[in-house]
Amino acid sequence: MAKKAANQKEATQKTKNIKLKDGDSPSGATAEKRAAKREARGAKQSSSASSNARFIELSEKFESVKVQPYRMANVYPVETKIEHPKFGVGFVVNSLPDKIEVVFEDVSRQLVQGRK
């Protein structure tokens, strides 16, 4: 037992003595990785802003269109105004046989359709 404890102590000491390369952090993430993550977050935020602008544009264009409740079993053509129970009101901007792209106030999402 004493030998095992001594080996563990020696292994711990060796890892403490490892020198990090310039820009590395103890967790292994480099400065480049952190910068890439920040950039991705920024892109996501700007995507959200453009989605919001598109939502406002579609809201004004289809103000008089009646809202249909979203159901996975239904099929929705483009320019349909739907209300999702979690995401709220949105506008169908692309429709495929099994999925739709919907612009909501915060972000565009892909939802299933025609599922029986």
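Residues numbered from 1 in each chain as written. Predicted model: local features only at pLDDT ≥ 70, side-chain atom pairs only at ≥ 80, totals over all residues. Heavy atoms only, no water.

Draft legend 1. Spatial organisation of the overall build of the protein chain. Of the regular secondary structure elements, the protein chain holds 2 helices and 5 strands. Across the 116 residues in the protein chain, those meeting the buried criterion constitute 19%. Within the protein chain, contacts between residues separated by at least 24 positions form 31% of all contacts whose residues are at least 6 apart in sequence. Approximately 9000 Å² of the protein chain is accessible, and the part contributed by carbon and sulfur atoms is 53%. (Helix = DSSP H or I, 4+ residues; strand = E, 2+ residues; numbered from the N terminus. Buried < 20%, exposed > 50% of the residue type's maximum accessible area, 1.4 Å probe, protein only. Contact = heavy atoms within 4.5 Å. Areas by Shrake-Rupley, 256 points an atom, 1.4 Å probe, with all protein chains shown as cover.)

Draft legend 2. The pairing of strand E2 (residues 81–84), seen in detail. Pairing between strand E1 (residues 68–69) and E2: 2 bridges, direction parallel. Among the inter-strand pairings, glutamine 68 is bridged to a residue of E2, identified as isoleucine 82. Pairing of E2 with strand E3 (residues 88–95), which is carried by 4 bridges, proceeds in the antiparallel orientation. Residue pairing in the sheet places histidine 84 in a bridge with glycine 88 of E3. Counted along the chain from E2 to the antiparallel partner E3, the turn is 3 residues long. (Pairing = 2+ DSSP bridges.)

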